[in-house]
Amino acid sequence: VSVSVVVAQQRDFPVTVRATGTVAPLASIDVKAQVSSIVTKVHVKEGQFVRAGEPLFTLDARTDEANLGKAQAQLARDQATLADAKRQLERSRDLLARNFVSQGAVDTAQANVEAQQAAVQADLAAIEAVKVSLSYARITAPSAGRVGAISVFPGTSVSPTGPALVTITQLDPISVAFNLPQRHVNDALRLLAAGGGANVTAVLPEGKGQRQGRLQFVD
């Protein structure tokens, strides 16, 4: 009888645990309007994949556009008033040097200049505020993912307290949740404590291939 002999060796042997998993997105974001307005255009279709920052909806922004024009006109007026106040201050200083006016007149002119400078700064802040409000009329994708069911159409009235316009579901990367037998939980926790995690192979059904991943946490 032929006998094969192999020298026995002591070494680590990888333990493979099989479990049935459920695919779950890492993030599912409900997109809502930040202002009350009317939808004028829908840029995406249901089931479409979008990138972060890609436009989803456009809202009616005519009121904010008018407010922006009004704020810019107010800024131009206050800047002209400021320029005149600076000229008055220079005249007062010149007249003070020739003893034609008192120091009080110069102080008053200086106060007018400072007041107009504050008004210009307020106008700039008001313009920035209107621009922020105007930016809400363009709703973009907060992250890359798949567009779900769209609940609004052109002409639909939307508000911050209303339902979500659409849900963006992140699919890459994605997670798989699965249950482990109790006897393997301590091994999984030790791997996580070591900082390396554990290799996970997700085998797709119906022979559609497999994906490699890492163990992230044990609940």
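Details of the structure are given in the entry above.
Let us look at the structure shown here. On a predicted model such as this, the values are computed, not experimentally measured, just so you know.

We now examine the overall build of the chain. Scanning the chain from terminus to terminus reveals 3 helices and 12 strands. Taken over the C-alpha atoms alone, the chain extends approximately 130 × 50 × 30 Å along its principal axes. Here the analysis covers contacts within the chain between residues at least 6 apart in sequence; of these, 70% occur between residues at least 24 apart. Taken as two groups, the 22 positive and 19 negative side-chain charges of the chain have centres that lie 8 Å from each other.

A few words on the pattern of salt bridges. Overall, the coordinates contain 6 salt bridges when judged by the stated rule. Among the ionic pairs, Asp60 bridges to Arg62, the shortest N-O distance being 2.9 Å. Classification of Arg62 as exposed rests on a relative accessible area of 61%. A salt bridge links Glu90 to Arg93; the shortest N-O distance between them is 3.5 Å. In this pair, Glu90 and Arg93 both sit in helix H1 (residues 62–97), 3 residues apart, roughly one turn of the helix. Residue Glu90 is classed as partly exposed on the basis of its relative accessible area, which comes to 47%.

On to H1. For H1, spanning 36 residues, the distance from its first C-alpha to its last is 53 Å, which sits close to the expected 52 Å at 1.5 Å a residue. Within H1 the residues assigned to the buried category are Asp64, Leu68, Ala71, Leu75, Asp78, Leu82, Ala85, Leu89 and Ser92. Turning to H1, the residues buried within the fold contact helix H2 (103–135). Positive phi appears at Asn99, one or two residues downstream of H1, with a value of about 60°.

What follows is about the sheet that holds strand E6 (residues 138–140). Strand order in the open sheet formed by 4 strands is E6-E5-E3-E8, with antiparallel pairing between adjacent strands. Only two strands of the sheet have a single partner each, and these edge strands are E6 and strand E8 (157–158). Bridge analysis of strand E5 (residues 55–59) against E6 gives 3 bridges, and the strand direction is antiparallel. Across the sheet, the residue bridging to Thr58 is Arg138, located in E6.

A separate point is the packing of H1 against H2. One can describe the packing of H1 onto H2 by two numbers: an axis separation of 8 Å at closest approach and a directional angle of 165°. On the basis of their axis angle, the class for H1 and H2 is roughly antiparallel. For H1 against H2, the interelement crossing comes out left-handed. Grouping the constituent residues of the contact of H1 with H2 by class yields 17 nonpolar, 13 polar and 7 charged.

Along the polypeptide, Ser37 turns up in strand E3 (residues 37–42). The exposure class assigned to Ser37 is buried, which follows from its relative accessible area of 13%. A polar contact of 2.8 Å, which involves the side chain of Ser37, links it to the backbone oxygen of Asp60. When sequence neighbours within four positions are dropped, the list of residues in contact with Ser37 reads Leu59, Asp60, Thr156, Ser157 and Val158.

Reading the values: rules and limits
- Residues numbered from 1 in each chain as written.
- Predicted model: local features only at pLDDT ≥ 70, side-chain atom pairs only at ≥ 80, totals over all residues.
- Heavy atoms only, no water.
- Helix = DSSP H or I, 4+ residues; strand = E, 2+ residues; numbered from the N terminus.
- Contact = heavy atoms within 4.5 Å.
- Lys, Arg positive; Asp, Glu negative; His and termini not counted.
- Charge placed at Lys NZ, Arg CZ, Asp CG, Glu CD.
- Salt bridge = Lys/Arg side-chain N within 4 Å of Asp/Glu carboxyl O.
- Buried < 20%, exposed > 50% of the residue type's maximum accessible area, 1.4 Å probe, protein only.
- Expected span 1.5 Å × (residues − 1).
- Pairing = 2+ DSSP bridges.
- Axes fitted to C-alpha atoms, helices over the stretch in contact; angles between N-to-C directions.
- Parallel < 35°, antiparallel > 145°, perpendicular 65-115°, else oblique.
- Left-handed = near helix turned anticlockwise from the far one by under 90°.
- Nonpolar A, V, L, I, M, F, W, Y, C, P; charged D, E, K, R; others polar.
- Polar contact = N/O pair within 3.5 Å; in protein donor to acceptor, adjacent residues only side chain to side chain.

Read these as spatial facts, not as claims about activity.
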